[in-house]
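Here is what each chain is made of, one letter per residue.
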Amino acid sequence: MTRLNTLAARDPSTATVIAQLEARLAAEDLNSKMVFAFYGCGHDESALHEWLGRQFPVASLLGGSSSGGLMTDEGFVDEHGVGLLLIDDEDGDYGVAAGLFGDDATLTAENLLRDALANCGCTGQLPELIWVYQAPGHEEEVLEGLRRVVGDNCPIIGGSSADNDVSGKWTQLGPEGCMKDGLAVGVLFPSTPLGYAFQGGYEPAGPNGIVTGIGFTPAGASGVVTASVGREIISIDNEPAAHVYNRWVENRIDAQLEGGGSILAETTMSPLATDAGHVDGVSHYLLIHPESVSANGTLNTFCNLQVGDRVYAMKGDTERLVDRAGRVGGQARKALEQDGYLAAGGLIVYCGGCKLAVDKNIAKVAGAVAEGLGNVPFIGCFTFGEQGRLIDRNLHGNLMISAVVFSQ
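Now for a look at the structure at hand. (Residues numbered from 1 in each chain as written. Predicted model: local features only at pLDDT ≥ 70, side-chain atom pairs only at ≥ 80, totals over all residues. Heavy atoms only, no water.)

## Side note on the packing of aromatic side chains
Moving on, step 1. Enumeration over the complete set of coordinates arrives at eight aromatic pairs.
Moving on, step 2. Ring centres of Phe76 and Phe382 lie 6.2 Å apart, and the angle between their planes is 45°; on these two criteria the pair is classed as tilted. Of this pair, Phe76 sits in strand E5 (residues 75–77) while Phe382 is found in strand E26 (residues 378–383), placing the two residues 306 residues apart along the sequence.
Moving on, step 3. For Phe76, a relative accessible area of 30% corresponds to the partly exposed category.
Moving on, step 4. By relative accessible area, Phe382 is classed as buried at 0%.
Moving on, step 5. Between the aromatic rings of Tyr285 and Tyr312, the centroid separation amounts to 5.6 Å while the plane-to-plane angle is 70°, which identifies the pairing as edge-to-face. With a gap of 27 residues between them, Tyr285 in strand E21 (residues 282–288) and Tyr312 in strand E24 (residues 310–315) connect regions that are remote in the sequence.
Moving on, step 6. The exposure class assigned to Tyr312 is buried, which follows from its relative accessible area of 18%. (Phe/Tyr/Trp six-rings, centres within 6.5 Å; stacked < 30°, edge-to-face > 60°. Helix = DSSP H or I, 4+ residues; strand = E, 2+ residues; numbered from the N terminus. Buried < 20%, exposed > 50% of the residue type's maximum accessible area, 1.4 Å probe, protein only.)

Spelled out as structure tokens, the structure:
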């Protein structure tokens, strides 16, 4: 049987938070096989890791910083919070490995996955789930490295660690400590089935076009230069990409077109997307968040695109982003229930950009997730990139929501 429990505490002082969590743990009867830990970027992550190592000496540890707080079944906890998800599963196997990206993020991801499998005695086996938490920037390379080992034969879900203002204060937590530019990979072989879902809360706005130019980007450690894949979009339909996008969003980024600049706030409700495929005739979209424009009219994003991709203008609103979180959790839960299993708890990834967009409604998001999961223990982190399984392939996107639900 699998049991989950969540604990959260809030205080600007890391020592005080640790003391609060320790007091709550004293009343629990759990033999944790795996611990997920998320925290505001202002906390002393080294002190947190040292305490977690003492408190859970045999558990696999994985987590990192979360933008502006976190959420659990008890509600939203602000940037001074620390939250834990404890998995008690005597008959399951759980392994984690973590390390810095170095010069080749793809190779690093491949090696860390093999190490995580070895760490739980499951070398050569296919996990029920791979869960990742990483520094932003290398998400597609990480997925490619993991595919070298398992293909797309199991779900890969997780997020890109975040801070409060995109200033680079994010960290990742693994067995040996915390990192600033690294990756933590977890492999899960639970004794009971998992349910999972990955969606965005936006719909097509109408305009769309073909990517016709991508900025030159080094292709890994080889030094080969490519102009066909990347995050700097030069042109759409052979026009400057930023100007095309500005037209699609009714001139919302006029102020940034002349000299360039960040457009994160202006674009959260109006992202781009690619068509990831169809289920029963319904299109599923992978969302892409425009991050900034350059003075020469290029559009920079948080997700790779390729020359020839058709991109769609999307639209969203606060109500949709609140409701969708609950629906994603509910979809993952129902996947278990249709096979006769009951939910034990969940792990949610909710985009940090969406969290900023819903603003004071973030408590409603936590409530919607709790209801969608059936009021079982869960923890949710707010990320700067989301990884999940969309139809039959593991992908990296932005402004997305993922849910993993464990069964009893």
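## A word on the pattern of salt bridges
Moving on, step 1. Scanning the entire structure with this criterion turns up 16 salt bridges.
Moving on, step 2. For Glu144, the salt bridge goes to Arg147, with nearest N and O atoms at 3.8 Å. One end of the pair, Glu144, and the other, Arg147, are both in helix H4 (residues 139–150), three residues apart, so they sit about a helical turn from each other.
Moving on, step 3. The closest approach of N and O atoms between Asp152 and Arg393, which form a salt bridge, is 3.1 Å. With Asp152 in the loop between H4 and strand E9 (156–160) and Arg393 in strand E28 (residues 393–397), this pair connects stretches of sequence that are 241 residues apart.
Moving on, step 4. The structure contains a network of salt bridges with shared partners spanning Glu144, Arg147, Asp152 and Arg393. (Salt bridge = Lys/Arg side-chain N within 4 Å of Asp/Glu carboxyl O.)

## A word on the sheet that holds strand E11 (residues 177–179)
Think of a sheet as strands paired side by side through backbone hydrogen bonds, with each pair either parallel or antiparallel.
Moving on, step 1. Taken together, six strands build an open sheet; the order of strands is E1-E6-E2-E3-E10-E11 and the sheet is mixed. Of all the strands in the sheet, the pair left with one neighbour each is strand E1 (3–10) and E11. Put simply, the sheet's adjacent strands are angled 15° from each other on average, direction ignored.
Moving on, step 2. The pairing of E1 with strand E6 (residues 81–88) spans eight bridges and is antiparallel. Bridging across to E6, Leu4 finds its partner in Ile87.
Moving on, step 3. Here helix H1 (residues 14–25) sits on the sheet and contacts E1 and E6; the angle it forms with E1, its principal contact strand, is near 145°.
Moving on, step 4. Relative to the sheet, helix H2 (residues 45–55) contacts strand E2 (34–39), strand E3 (60–65), E6, strand E10 (172–174) and E11, its axis offset from that of E2 by approximately 160°. (Pairing = 2+ DSSP bridges. Axes fitted to C-alpha atoms, helices over the stretch in contact; angles between N-to-C directions. Contact = heavy atoms within 4.5 Å.)

## Structural notes on the sheet that holds strand E12 (residues 182–189)
Moving on, step 1. One open sheet holds the six strands; their spatial order is E7-E12-E8-E9-E27-E28, and the pairing between them is mixed. For this open sheet the edge positions go to strand E7 (93–100) and E28, each flanked by a neighbour on one side alone. On average, adjacent strands in this sheet sit at an angle of 20° to one another, irrespective of strand direction.
Moving on, step 2. As judged from the two bridges shared by E9 and strand E27 (residues 386–390), these two strands associate in the antiparallel manner. Counterpart to Gly159 in the pairing with E27 is Glu386.
Moving on, step 3. On top of the sheet, helix H3 (residues 105–119) reaches E7, strand E8 (129–134) and E12; it is set at about 145° to E7, its chief contact.
Moving on, step 4. Across the sheet, H4 is in contact with E8, E9, E12, E27 and E28; its angle to E28 comes to roughly 165°.

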